[in-house]
Amino acid sequence: IYMNKRGILFLVLTLLCSLRACQLYWSSTRELRSTDGHSWSPLKKKKPFSETTTDRLKNDSIILGTEPNNIFYFLHVTDIHLSRFRPKGHTHHFLHFIQSIIPVVKPKFVVVTGDLTDAKDKKKVTSQQYLDEWQVYQKAIEEKVNVDWYDMRGNHDCFDLPSWQSRVNYYRTHGKSANLVEQGKGVYSWQVNQPMGNYQFVAIDACPKRGPSRPLNFFGYLTSKTMDQLEKALTYKPFNHTFVFSHYPTSTMVFGLGDVLKSYDPVTKSLELELGDLKEHGLYRVVAVDHDLISFVDIQLPVNQIPKRGPVNSLGLVYPMRENKTIIWPDLVTPSPSILITNPKDARFSIPTKEPLWRIRQSTHIRFLVFSPTTQQDLSVQISIDGKLALTEATFVGNASNPLWTAPWDPSLYEDRMPHKLTIQVTTTDGKVGKSSSLFRVDTNRVKIKGGSGEFIIKSKMSTLVKENIYKFLLYWVTNVTLFYS
C-alpha cells in the first residue's frame, strides 16, 4: 500500500510538472499562433532577386589581381558569458578580445550573436540577471571599442525575464543595439556600401517574449510580428549578399549536440555556419568579402598568454571595475599572425549560384589578409600548394586599414576538376607563426563540408519544422544569404 501511495504521488507530481511546462510553453509562444489566418509556409516561391544577375556577371571582366579595392571584412563573436562567478575565461576573454584583437584586426564592424552575460549562480543551478555583469559589458565597449558594434540577445540574456519592459531586462538599458531591437520588433539591419555593390546584414533577436528560468529556456521563437519584420528586411531591395545573424540555429537550438555546426543547404543554396564560443575556447571569426567572394577564418585568442584564472575582488567576484566605474584592463597580449585567404576561396564554403566563383579561374594572384601587431616589413610569408612550396613571392599591397597581401599564380595548373590545398604560413621576426589553409577548386564546384554529426544535425529531421516554416520561407525571397549563428 505504501508503494502504491508513493507511485500515485509520483504520477500526480509528474502530471502537474507537465501541465506547468505546457502552460509556460503556451504563454511564451502565444504570438506565434497567427490570428489572421496568415500562413508562413512558402506556398509560392518568389523569383529570386539576382536570378538574372548571375548570368550577367559571368561575362564580367573583373580580374582578381593586386588591387586592394572591393574588399572589406568584419568580426563575429558569440557566447561571451560575462560572469561574476567564473574567473576562468568568460569576462577576461572578453576584455582581451576588445583590448588586443580588435585594434589589430581593425574590422569594419563587430557583431555579437548573443549570450552576452552568463546569468547563472555560482553553482550553475539557478539563473538570474546580474546588473554587474551588464555594467562590465557596457563599460568595456564604451571605453575601448571605436568601430560599429552590433549585438543581440541569446537565451542566457533572457533568463527569468517577465517582459521586455521588465526592470531586470538589462539588455534594454545596457545592450549596444537594444534600441534597434526594440524599434524593429526583434529584427534590425544595416548596410555596407562598396564600389562593387551593396551588402546587407540582418540581426534576429529570437528570445521568447517571456524568458523562463534555467534550464527551460533553450528555444528561440519568431513571432508573427517578428516574421513580418524579417520579411520586410529581406525583401527591402536586392543586395550583392545578405548575411543573417542569430543566436539560435534554424534547428531552434538542438540541445548542444554535435560539433560546431556548418552546413550547406542544397534547397535554399545557402550556408549555415555556427561559431564556437569566446567564453571558454576564446574563438572569434573574421569574415571577408573580396570582389563578392565570401571567406572566413575562425581564430583562437592567444590563450597561452592569458592566465587560466583572472583576478577577483575582495568578495571573490569577477568585477573588473574601479570605484569610479572604469574598467580594470588586463595586460596586453600579442597574438600570432592570423591569415584569411580570400582568393582562391575555400570550396567547402562556396555558394555556386550566388558567388562569382569563375573569378577564381580568371584571377592572376592569390589574395590573403594578414592580421598581426607586427609591421608587414617584419613578416615573412611561405606559400605551398598540395604540400609543394610555391616559388612565388608575396607582396604587401594594402594599407593601415586593409592588410592585403598578394602573390602571382597560374590557376590553369589546377583545372583537373579536383580539390587542391593552399597553405600560407606567416612568421614574425620574433618567431611567432600563423598558418591557414584553403581547400580550393577552380571549376566553380563545391567540396563537401564533411561536418560530421554537426552537419547531420542541421540537415536532420530535428529541424524540419523550423526550417520548412521559417528559414526556407525567408530564403525563397532572397538569393545571396549566409546565416551566422552561435
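Residues numbered from 1 in each chain as written. Predicted model: local features only at pLDDT ≥ 70, side-chain atom pairs only at ≥ 80, totals over all residues. Heavy atoms only, no water.

## Structural notes on the sheet that holds strand β15 (residues 395–396)
So, step 1. Strand order across the open sheet formed by 4 strands is β11-β12-β16-β15, with antiparallel pairing between neighbours. Looking along the sheet, the strands with just one partner apiece sit at the ends: β11 (338–343) and β15.
So, step 2. The pairing of β11 with strand β12 (residues 365–371) spans 5 bridges and is antiparallel. Bridge assignment links Ser 338 to a residue of β12, and that residue is Phe 371. (Pairing = 2+ DSSP bridges. Helix = DSSP H or I, 4+ residues; strand = E, 2+ residues; numbered from the N terminus.)

## Describing the packing of aromatic side chains
Pairs of aromatic rings are described using the distance from one ring centre to the other and the angle between the two planes.
So, step 1. In total, this model carries 32 aromatic pairs according to the counting rule given.
So, step 2. Considering the side-chain rings of Tyr 150 and Tyr 188, the 6.4 Å spacing of their centres and the 35 degrees angle between planes classify their relative orientation as tilted. Of this pair, Tyr 150 sits in strand β3 (residues 148–152) while Tyr 188 sits in strand β4 (residues 187–194), placing them 38 residues apart in sequence. In this pair, the class of Tyr 150 matches that of Tyr 188, namely buried.
So, step 3. Between Phe 201 and Phe 243, the ring centres sit 5.0 Å apart and the planes meet at 10 degrees, which makes this aromatic pair stacked. Of this pair, Phe 201 sits in strand β5 (residues 197–204) while Phe 243 sits in strand β6 (residues 241–246), and the two are 42 residues apart along the sequence.
So, step 4. When its relative accessible area of 0% is taken as the criterion, Phe 201 is described as buried.
So, step 5. Accessibility expressed as a relative area gives 0% for Phe 243, which makes it buried.
So, step 6. Three or more aromatic residues joined by ring pairs make a cluster, and in this case those are Phe 72, Phe 74, Phe 109, Tyr 150, Tyr 188, Trp 190, Tyr 199, Phe 201, Phe 243 and Phe 245.
So, step 7. Its end group placed over the ring of Trp 329, Lys 144 keeps NZ or CZ at 5.1 Å from the ring centre. (Phe/Tyr/Trp six-rings, centres within 6.5 Å; stacked < 30°, edge-to-face > 60°. Buried < 20%, exposed > 50% of the residue type's maximum accessible area, 1.4 Å probe, protein only. Lys NZ or Arg CZ within 6 Å of the ring centre and 35° of its normal.)

## Focus on the side chain of Arg 86
So, step 1. As for its position among the elements, Arg 86 is in the loop between β1 (71–77) and α3 (91–105).
So, step 2. Judged by relative accessible area, Arg 86 falls into the buried class, the value being 9%.
So, step 3. Among the polar contacts made by the side chain of Arg 86, one reaches the main-chain carbonyl oxygen of Lys 122 at a distance of 3.1 Å.
So, step 4. Excluding its chain neighbours within four sequence positions, the residues that come into contact with Arg 86 are Asp 118, Lys 120, Asp 121, Lys 122, Lys 124 and Val 318. (Polar contact = N/O pair within 3.5 Å; in protein donor to acceptor, adjacent residues only side chain to side chain. Contact = heavy atoms within 4.5 Å.)

## With respect to the sheet that holds β3
So, step 1. Taken together, 5 strands build an open sheet; the order of strands is β3-β2-β1-β9-β10 and the sheet is mixed. What marks the edges here is a single partner per strand, and that holds for β3 and β10 (293–300). Put simply, the sheet's adjacent strands are angled 20 degrees from each other on average, direction ignored.
So, step 2. Relative to β10, strand β9 (residues 283–290) runs antiparallel, the two being bridged by 8 bridges. Across the sheet, residue Val 286 finds its bridge partner in β10, namely Val 297.
So, step 3. Sheet contacts for α3: β1, β2 (109–113), β3 and β9; angle to β1, the most-contacted strand, approximately 175 degrees. (Axes fitted to C-alpha atoms, helices over the stretch in contact; angles between N-to-C directions.)

## Description of the pairing of β10
So, step 1. With 6 of 8 residues buried, β10 lies mostly within the body of the structure.
So, step 2. The hairpin turn running from β9 into β10, its antiparallel successor, is 2 residues long, and His 291 in that turn takes a positive phi close to 50 degrees.

## Re helix α4 (residues 131–144)
So, step 1. In a regular helix each residue adds 1.5 Å, so 14 residues correspond to 20 Å; α4 covers 20 Å between its end C-alpha atoms and thus fits that length.
So, step 2. Residues of α4 that are buried: Asp 132, Glu 133, Trp 134, Val 136, Tyr 137, Ala 140 and Ile 141. (Expected span 1.5 Å × (residues − 1).)

## A word on the side chain of Thr 406
So, step 1. Structurally, Thr 406 is set in strand β16 (residues 404–408).
So, step 2. Apart from residues lying up to four places away in sequence, Thr 406 is in contact with Gly 65, Thr 66, His 365, Ile 366, Arg 367, Phe 368, Glu 393, Ala 394, Thr 395 and Val 397.

## Here we look at a nonpolar patch on the surface
So, step 1. The grouping of Ile 8, Leu 9, Val 12, Leu 13, Leu 15, Leu 16 and Leu 19 at the surface amounts to a nonpolar patch, some 680 Å² of accessible area in total.
So, step 2. Relative to the helices and strands, Leu 16 resides in helix α1 (residues 2–28). (Patch = residues over 30% accessible without salt bridge, like charges linked within 9 Å, V, L, I, M, F, W, Y side chains within 5 Å. Areas by Shrake-Rupley, 256 points an atom, 1.4 Å probe, with all protein chains shown as cover. Salt bridge = Lys/Arg side-chain N within 4 Å of Asp/Glu carboxyl O.)

## Topic: empty space enclosed by the protein
So, step 1. Tallied over the full model, the rule gives 4 cavities of 30 Å³ or more.
So, step 2. Put simply, the largest cavity is a space of about 50 Å³.
So, step 3. In terms of lining, the largest cavity is formed by Ile 101, Val 104, Val 105, Tyr 284, Ile 299, Pro 335, Ser 336, Ser 338 and Phe 371.
So, step 4. Top element by residues in the lining of the largest cavity is α3. It accounts for 3 residues. (1 Å grid on protein atoms, 1.4 Å probe; cavity = no way out; pocket = protein on both sides within 12 Å on 5 of 7 lines; lining within 4 Å. Points joined across faces, edges and corners; volume = space filled by probe spheres on them.)

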